[in-house]
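Letter by letter, the chains look like this.
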Amino acid sequence: MRLLLIHPSALMYSEIFLRLEPLGLERVAGAARDAGHQVRVIDLQTESHTALDRELETFRPEAIGVSLNYLANIPEAIEIAQLAKRRLPGVFVFFGGHSVSFVADDVLRQADGAVDAVARGEGESVVAPLLTASRDGGVSSVPGVVSVDGRGPAPQMLHSIDSPRPARDLLRHRRRYFIGELDPCASIEFTRGCPWDCSFCSAWTFYGRSYRKASPEAAAEEMASIRERNVFIVDDVAFIRPEHGDAIAAELERRRIRKRYYLETRADVLLRNTEIFERWGRLGLKYMFLGMEAIDAEGLDLYRKRISPDENFRALEVARKLGITVAINLIVDPAWDKERFRIVREFALAVPEIVHLTVMTPYPGTEIWHTEARKLTTRDYRLFDIQHAVVPTTLPLEEFYAELVRTQSVINRKHLGLRTAVGAARILAANLARGQTNFARMLWRFNSVYNPQRQMADHARPVRYELPLPRHLAVEDRRELYVHTRPATHTGRNPAAPAGEPTE
């Protein structure tokens, strides 16, 4: 079967700071190709809708899958499905991905016949049986699939994340993926899932608090196959298990693989497993993303980070000593007033680390989607991108955006202004000599992307597709939030219990 897989356009944040290869879609493509299907992938982060039109015309796919890891892309995906049905009336169209897994029934209804099925859960295990069923019948009986005819059994989890291998060769513009000055940059996955249970996050509810590891041999073999010098390790929390990080490092050392790495982890994991990060620093770890989320205990308790401000600040000191550049994320609460924004600006200027801001957003699949008392001010999918306020703000909305952009601008001038550009001249020159312009563009595009007028205008756009209202759900039993479920491990520990050490 001819299968076309599509990643939607870039979101606001990705217009400047990063553009990552669609690793999940590449793995789904690998699974479909392993099953004997003819597969093509188009990434609208790097290609135009005109290119998509050409692909529909020349490839004539029999099935189309759209990746929806972000709610904000759902309206675009529905429009793509409608276009595909007009051009190819017999084509089978399905959606899959993290975010759409939590709103599958509603999206099917909104698509009004343009989407034949939504695959909930991990796409690698469902794509082959779904394509077979689309040809032979019985789509609604496939595990994880929701269709207009019904809902199949619960989604199935991969036994091992060692396979399928990502079909990286199907991406035509790999030089356009980057994160910061790591340009170009590939992505790789060492572990899947998160054992913590932060109230704002849906990673743990998607995977049911499970945590799986790639074998060190498979991880190193995949790393050896990556052509790019720079690699982003996409794990939700890197190196939770120190022995796993050590084993992968040993394999990379044995194979003499040298890359430059960017990863994401938690402050308490860095403090507990400092030796692993030190070893990876010798292997080429240059950047680390720490989701601090808040600078005070009250904010950390609100988001159930299970960590103290002191641990966060000690982790920053450790990273500095290791020579690893840290990017910090802080969550902007719409309840902030001007004084709170001022305090955050002072903090951001006082520390040497890069500081990013994201707006607190209740997402389907998170606890705050069900427990947030404040009513949503909008249900426009496109505004659920962590850069817009979707619940009431203490400040008038226009003032809130003015303070948000002012704070971001102060941070931007500190890290991405002329002084930084001069300091990064050698990096810029080397990138430009190789024809890599992503990092250079990032330094100068901030003001054209981030401005209060644009954000306010986004709220005024006509809305055709809206998020469903959250259904009432008692979250005392958090397993009710899960997409994937699995029995308790052999240790007897309940995966829904409060996080400490991760489940396996």
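Our subject is the structure that appears above.
Residues numbered from 1 in each chain as written. Predicted model: local features only at pLDDT ≥ 70, side-chain atom pairs only at ≥ 80, totals over all residues. Heavy atoms only, no water.

Trainee: Teacher, can you tell me more about the nonpolar core here?
Mentor: As a rule of thumb, nonpolar side chains are buried together in soluble globular proteins. Counting residues in hydrophobic clusters, the biggest one holds 61 residues, and the most contacted among them are Phe190, Met223, Leu252, Tyr261, Trp280, Leu330 and Phe400. With residues near it in sequence (within four places) discarded, Leu252 still touches Ala220, Met223, Ile257, Tyr261, Trp280 and Leu283. Residues Leu83, Val118, Phe384 and Tyr465 belong to the second largest nonpolar core, which totals 46 residues. (Core = buried A, V, L, I, M, F, W, Y, C linked by side-chain atoms within 4.5 Å. Buried < 20%, exposed > 50% of the residue type's maximum accessible area, 1.4 Å probe, protein only. Contact = heavy atoms within 4.5 Å.)

Trainee: How do you make sense of the packing of helix H1 (residues 23–34) against helix H5 (residues 123–136) when you look at a structure like this?
Mentor: The axes of two packed helices give the description: the angle between them and the distance between them. With their axes 8 Å apart at the nearest point, H1 and H5 run at an angle of 40° to one another. As the angle between them shows, H1 and H5 are arranged oblique. H1 and H5 meet at a crossing whose hand is right-handed. On H5, the residues that touch Arg27, Val28, Ala31 and Ala32 of H1 are Gly123, Glu124, Val127 and Leu131. A class-by-class count of the residues in the contact of H1 with H5 yields five nonpolar, one polar and two charged. (Axes fitted to C-alpha atoms, helices over the stretch in contact; angles between N-to-C directions. Helix = DSSP H or I, 4+ residues; strand = E, 2+ residues; numbered from the N terminus. Parallel < 35°, antiparallel > 145°, perpendicular 65-115°, else oblique. Left-handed = near helix turned anticlockwise from the far one by under 90°. Nonpolar A, V, L, I, M, F, W, Y, C, P; charged D, E, K, R; others polar.)

Trainee: What am I meant to see in helix H20 (residues 452–459) here?
Mentor: Within an α-helix, residues lying three or four positions from one another point in the same direction, as the helix has 3.6 residues per turn. Every buried residue of H20 is accounted for by Pro452, Gln455 and Asp458. For H20, the arc enclosing every buried residue in end-on projection is 125°, short of the 170-degree limit, so these residues lie on one face. (Arc of directions from axis to C-beta.)

Trainee: Just to check I follow, could you spell out the pattern of salt bridges for this structure?
Mentor: Side chains bearing opposite charge may pair, as long as their charged atoms lie close to each other. Under the criterion given, the structure shown has 44 salt bridges. Here Arg342 makes a salt bridge to Glu339, at a shortest N to O gap of 2.4 Å. Here the residue Arg342 and the residue Glu339 both occupy positions in helix H13 (residues 338–350), the gap between them amounting to three residues, near one helical turn. Relative accessible area serves as the criterion here: at 40%, Glu339 is assigned to the partly exposed category. The partner of Glu403 in a salt bridge is Arg345, with the nearest N and O atoms 3.1 Å apart. Here Glu403 is found in helix H15 (residues 397–416), whereas its partner Arg345 is found in helix H13, with 58 residues between them in sequence. (Salt bridge = Lys/Arg side-chain N within 4 Å of Asp/Glu carboxyl O.)

Note that all results are geometric; they support no functional claim without further evidence.
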